[in-house]
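# Residue-level structural notes
In case you want the letters, here they are:
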Amino acid sequence: MAGLFASPSALADYPIASHRYLADPASLVHDGRVYLYGSNDDDNVKADGSDDGYKMASFVAISSSDMKNWTDHGEVIRVPRDASWAANTWAPSLVERNGSIYMYFANNGSGIGVAKSDSPTGPFRDAKGSALITSSTPGASGQNIWLFDPGVFIDDDGQAYLYFGGNGEQNARVIKLNDDMVSVSGSASAITIPYFFEASWMHKRNGVYYLSYSTNPANGMRIDYLTSTSPTSGFTHRGTVGAQPPNNNNNNNHAAIFEFGGSWYHAYHNRSVANDAGEPPGYRRNLALESFTYKDDGSIVPVTYTTDGLKQVGHLDPYARVEAETFNAQRGIETEPCEEGGMNLSNIEDGDWVRLRGVDFGEGAESFSARVASAAQGGSIELHLEAPDGTLVGTCAVEATGDWQAWRDTSCAVDGAAGVHDLYLVFTGGDSYLFNVNSWQFSPVGGEGAGGGVTVGSTSSGGGIGAGTGSASGSGSGSGGGTTVGTGGASPGTTSSAQASSGGTSDGQSSDPAGCSCRAASRAPSGNSLVLTALLAASLGLRRRGRTGRGPGVAGSSLG
């Protein structure tokens, strides 16, 4: 118990998306949501659970509208399936232009490619047919230069730039992109950066250009920054954005800086999930997030790392459909592509749970409905406030549906849910996998929207519950416990060994267009406070489990 109270990573703004190993975050603000994209470190773990080096060959996207509850959108690209010339996807960078979203990625350290999509959740496909940056690109060569870690930036005048490079103070480069975003203009220029190692990132504020980057090992692999009045030259070293992150084992560092809702944020990775799970942390990183401010002179006030320091931006509206793969913290949860669209919770066992922060029930809820599927015995969804064993406001029975992707609606009465609370969905049942969950929704007392929060989660294309996605005012009608069986579904056990180990196929031969990214290594739980951590340990038998193969799920489904 003393060890639990001493653990700084037992809380929750790191990790975010604690059910996945993700790294090298890139940000995209789109339509009122923040999307973070990460190198998929689940690709670095062999089927037997051992390390496989940096083998990332896919990116995963997560998003949030309130900076506390995050939706897992699954893999948005996998190579060589989606870019036949590439073997790896490292360190993404994204920008939106003329209705399209462009994703720049590194093929290991040998070059940079570009993919394109009309949606932030993909699918992203190769936009060029070959690498955009190679050693033959004018100005790109250097002494032991790493051609990776792209950072794309569009200036106020519409000119786009790509920053890249690594492994030496003389090895940072910037090159202009043409308006098509898939070709370069002229030669790359060198930028001399003190202590430069990798992870170039550009942002602009009040007419000042901020070029941030990871320093070399001798200087702690912290995130430093330069400023200039030009995007390509005249930079001055100004200081540090963030020191070496906690629980990162003094290992590599990578950060994205972005503005959302008038506040500035610093997304980074550390290794708290692997450390808490007792797994080798070298190749198993997880995403984290902090906010920061500027001084009057434009300099950055260095990040103070916290475990639960971010403020929630608005409350979550429970009266609009919420994708089940949206949560703030979890115990034992995994996700997979859903045949109805998006992702779903999978591999659920007795005692697993998800937490939603800041749920605004307004004057009160009278019912709850969920979209569920089970090829096993089913179980129950218990609705608790504030803690996994907090006030019980409803229990929803889940029956067998005949398949892990045969979706039905189930509903139950709710009593005692009013005002703003943290909501826990606690899953109970037998001693094997119980059921999958696609989405859920509450119905307010009297059928009128009472919540004051924001809609959270992505929209599924299949037969959902209630009124579907709704507005922040929550005007939806209640969802009745329908029993119509959803469409089809693959039987358990049809997934190939390649899919089980990597979340997809190495050569894109699966019928799964997303790549099944539900294989998970050990997932460490995250809690609400130190007191809650102790409570969980006592009441639930806090556990960490390692899974190296897939349980029930789908072998072919649509992209999240």
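Relevant structure appears above.
None of these values were measured; they are calculated from a predicted model.

### Details of the overall build of the protein chain
- The number of helices and strands found in the protein chain is four helices and 31 strands.
- Scored against the burial criterion, the 560 residues of the protein chain give a buried share of 61%.
- Looking at the protein chain alone, contacts between residues at least 24 apart form 66% of all its contacts between residues at least 6 apart.
- For the protein chain, the accessible area works out to roughly 17,800 Å², and carbon and sulfur atoms hold 47% of it.

### Remarks on the pattern of salt bridges
- In total, this model carries 20 salt bridges according to the counting rule given.
- With a shortest N-O distance of 3.1 Å, Arg321 and Glu323 are connected by a salt bridge. You'll find Arg321 and Glu323 in the same group, each marked buried.
- One salt bridge connects Arg357 with Asp422, and the closest N-O pair in it is separated by 3.3 Å. Residue Arg357 is found in strand β25 (residues 353-360), and its partner Asp422 is found in strand β30 (residues 420-429); the two are separated by 65 residues along the sequence.
- Salt bridges sharing partners connect three or more residues here, namely Lys68, Asp308, Arg357 and Asp422.

### As for the sheet that holds strand β15 (residues 223-228)
- On the basis of which strands lie adjacent, the open sheet formed by four strands has the order β13-β14-β15-β16 and antiparallel pairing. One side of each edge strand has no neighbouring strand; the edge strands of this open sheet are β13 (196-205) and β16 (236-242). On average, adjacent strands in this sheet sit at an angle of 30° to one another, irrespective of strand direction.
- Bridge count for β15 against β16 is five bridges, and the pairing is antiparallel.

### Examining the packing of aromatic side chains
- Throughout the structure, instances matching the rule amount to 20 aromatic pairs.
- Centroid distance Tyr54 to Tyr283: 4.6 Å. Interplanar angle 75°. Geometry classified as edge-to-face. Here Tyr54, found in the loop between β2 (33-40) and β3 (58-64), pairs with Tyr283, found in the loop between α2 (272-277) and β19 (286-292); they are 229 residues apart in sequence, far enough to count as distant.
- Seen from their ring centres, Phe153 and Tyr209 are 6.1 Å apart, and the 80° between their planes marks the pair as edge-to-face. With Phe153 in strand β9 (residues 151-154) and Tyr209 in strand β14 (residues 208-215), this residue pair connects regions lying 56 residues apart in the sequence.

### Remarks on unusual backbone geometry
- The linkage connecting Val79 with the following residue, Pro80, adopts the cis geometry, with an omega of 5°.
- The residue Pro80 is located in the loop between β4 (70-78) and β5 (90-97) in this model.
- Of note in this structure, Asn347 is not a glycine but carries a positive phi near 55°.
- Secondary-structure assignment places Asn347 in the loop between β24 (343-346) and β25.

Basis of the calculations
Residues numbered from 1 in each chain as written. Predicted model: local features only at pLDDT ≥ 70, side-chain atom pairs only at ≥ 80, totals over all residues. Heavy atoms only, no water. Helix = DSSP H or I, 4+ residues; strand = E, 2+ residues; numbered from the N terminus. Buried < 20%, exposed > 50% of the residue type's maximum accessible area, 1.4 Å probe, protein only. Contact = heavy atoms within 4.5 Å. Areas by Shrake-Rupley, 256 points an atom, 1.4 Å probe, with all protein chains shown as cover. Salt bridge = Lys/Arg side-chain N within 4 Å of Asp/Glu carboxyl O. Pairing = 2+ DSSP bridges. Axes fitted to C-alpha atoms, helices over the stretch in contact; angles between N-to-C directions. Phe/Tyr/Trp six-rings, centres within 6.5 Å; stacked < 30°, edge-to-face > 60°.

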